Amino acid sequence: MAHQKGDQGLVRSQNRALVINLLRTRGPLSRADIAKKTGLAPSALTRLMRALLEEGIVEEVGRASSNGGRPATLVGLNCEHASCIGIKIERTRVLAARVDLAGAITARAEAPISTPPDPVQALSTVAGLADRLDEGNLLGIGVCVSGFVEPVSGVNLFSPILQWEHVDVKAALASYAEDVSVHVENDVNALSLAESWYGAGKSFKHFVCVTVGEGIGSGVVIGGELYKGAFGGAGELGHITIDPNGPVCRCRERGCLEVYASDQFLIAEASRLGFGTLHAITEAARAGSEEGRAAFRQMGVNLGIGTKNLVNLLNPEAIILGGERMEDADLFMEAFREEVCRHSFPAEAAQLQIVPATLGSDGFLIGAATLASSEFFRLPAQAGVA
């Protein structure tokens, strides 16, 4: 009998998650449409909808258009029912946001930190910002950070940008872990999750999100799910080797893509050509300097060389480009596209889409929060799946 009750409880939880997820992705819908799309019996759906309305998870949001007869009432997800906090640790500051169930930012906070970041100070800042944004029904907190992150333990194993090794990020939020879920993830993985749920990735099941700026990163989505690899380190595009005899990278290896396609390359070119700074070479390129424009084109070519390896290896539907250097995409995007398409297998290159990320810098915060909110939407059969 106990086994039967357990099975019934699992079925109810499964049905509940099916309806909530359907309304998240396809809502608002009429009860008849919900029944059709989920296959739930009318009696079971009636009980479930009553419970969800009483809890405030869903709400009636109007009526459907009608060609005759009484129009059906539409039910949608109540995006204000709960929220999550997303936090991003950068090299000079910590950003944080409270995010509702629709991925919309409802409050923000930020604070400066020392450069390079002292782990103790930075993690104290993380906890302080979480405290400032903790309001209402909080489901969880997600923190994203550059580098190799072990997502289960929440330890940042190595971040060349932050100059961190074996920093226990999750420990900073230990006081919250007793009541809500706490997640730590690589920052580009978080952005990829956000783009998959709310941004440019919604149209694709298989894509790679590539970021270009201070570093080079990538997040891999396969079959609609974020792929993290065996130990959480999948997607370190910036540290694939382009030239084994090349300059030393911040990761201590030689000839990484990041040396040739990130801001590091542009800064080195600015110095070599006499412009001095990244800002100066960018302004020169925009003013028509052929040397400045050539530097950006070469950066685009280099980034394309690295990215085409991902295309040939993973055969994605799309490459989604994000990161702070995308504000200058007009200076390197054409060269990037040409390089990716010229060096990818013909069939793949013909169908591959290269599109910009749509969430901007907020995508990192939304993605970090989604690490937590995804637990709320997860089907019971998926519980514990990374």
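You'll find the structure just up there.
Criteria and thresholds
- Residues numbered from 1 in each chain as written.
- Predicted model: local features only at pLDDT ≥ 70, side-chain atom pairs only at ≥ 80, totals over all residues.
- Heavy atoms only, no water.
- Axes fitted to C-alpha atoms, helices over the stretch in contact; angles between N-to-C directions.
- Helix = DSSP H or I, 4+ residues; strand = E, 2+ residues; numbered from the N terminus.
- Parallel < 35°, antiparallel > 145°, perpendicular 65-115°, else oblique.
- Left-handed = near helix turned anticlockwise from the far one by under 90°.
- Contact = heavy atoms within 4.5 Å.
- Pairing = 2+ DSSP bridges.
- Patch = residues over 30% accessible without salt bridge, like charges linked within 9 Å, V, L, I, M, F, W, Y side chains within 5 Å.
- Areas by Shrake-Rupley, 256 points an atom, 1.4 Å probe, with all protein chains shown as cover.
- Salt bridge = Lys/Arg side-chain N within 4 Å of Asp/Glu carboxyl O.
- 1 Å grid on protein atoms, 1.4 Å probe; cavity = no way out; pocket = protein on both sides within 12 Å on 5 of 7 lines; lining within 4 Å.
- Points joined across faces, edges and corners; volume = space filled by probe spheres on them.
- Nonpolar A, V, L, I, M, F, W, Y, C, P; charged D, E, K, R; others polar.
- Phe/Tyr/Trp six-rings, centres within 6.5 Å; stacked < 30°, edge-to-face > 60°.
- Lys NZ or Arg CZ within 6 Å of the ring centre and 35° of its normal.
- Buried < 20%, exposed > 50% of the residue type's maximum accessible area, 1.4 Å probe, protein only.

Focus: the packing of helix α6 (residues 187-198) against helix α13 (residues 362-377)
Helix-helix packing is described using two parameters, namely the angle between the two axes and the distance between the axes. Viewed as axis vectors pointing N to C, α6 and α13 meet at an angle of 70°, and their least axial separation amounts to 7 Å. Classed by the angle they form, the pair α6 and α13 counts as roughly perpendicular. The hand of the α6/α13 crossing is left-handed. Each of Asp187, Val188, Ala190, Leu191, Leu193, Ala194, Trp197 and Tyr198 in α6 lies in contact with α13, whose residues at this interface are Gly363, Phe364, Ile366, Gly367, Ala368, Thr370, Leu371, Ser374 and Phe377.

Brief notes about the sheet that holds strand β16 (residues 353-356)
Ordered by their spatial adjacency, five strands build an open sheet running β14-β13-β12-β15-β16, and the pairing between neighbours is mixed. Lying at the two open borders of the sheet, with one neighbouring strand each, are β14 (225-227) and β16. Within this sheet the neighbouring strands show an average axis-to-axis angle of 25°, counted without direction. Relative to strand β15 (residues 318-322), strand β12 (residues 207-212) is paired through five bridges, and the arrangement is parallel. Residue cysteine 209 lies in a different strand from β15, and its bridge partner there is isoleucine 320. Across the face of the sheet, helix α10 (residues 290-314) comes into contact with β12, β13 (216-222) and β15 while running at roughly 160° to β12.

So, a nonpolar patch on the surface
Nonpolar side chains collect at one region of the surface, where Ile222, Tyr227, Leu313 and Leu314 lie side by side and expose about 400 Å² of accessible area between them. Topologically, tyrosine 227 is positioned in strand β14.

As for empty space enclosed by the protein
The tally for this structure, following the rule as stated, stands at one cavity of 30 Å³ or more. In this structure, the largest cavity spans a volume of roughly 30 Å³. Forming the walls of the largest cavity are Cys84, Val99, Asp100, Gly103, Tyr198, Ile366, Ala369, Thr370 and Ser373. Those elements giving two or more residues to the lining of the largest cavity turn out to be β5 (93-100) and α13. For the lining of the largest cavity, the element with the highest residue contribution is α13, accounting for four residues. For the lining of the largest cavity, a count of residues per class yields five nonpolar, three polar and one charged.

Quick word on the packing of aromatic side chains
Inspection of the entire model under this criterion finds three aromatic pairs. Each ring, one from phenylalanine 376 and one from phenylalanine 377, has its centre 5.2 Å from the other, and the planes form 80°; the classification is edge-to-face. Aromatic rings pair up to connect Trp197, Tyr198, Phe376 and Phe377 into one cluster. Between the NZ or CZ atom of arginine 24 and the centre of the ring of tryptophan 197, over which it lies, the distance is 3.7 Å.

Thoughts on the pattern of salt bridges
Throughout the structure, instances matching the rule amount to 21 salt bridges. With its nearest N and O atoms 3.0 Å apart, the salt bridge here joins glutamate 60 to arginine 31. Pair noted here: glutamate 60 is in strand β2 (residues 58-63) and arginine 31 is in helix α2 (residues 31-38), with a separation of 29 residues, a long-range link. Given a relative accessible area of 47%, glutamate 60 falls into the partly exposed group. Residue class for arginine 31 comes out partly exposed when judged on its relative accessible area of 32%. In this structure, glutamate 90 engages lysine 88 in a salt bridge whose closest nitrogen and oxygen atoms are separated by 3.1 Å.

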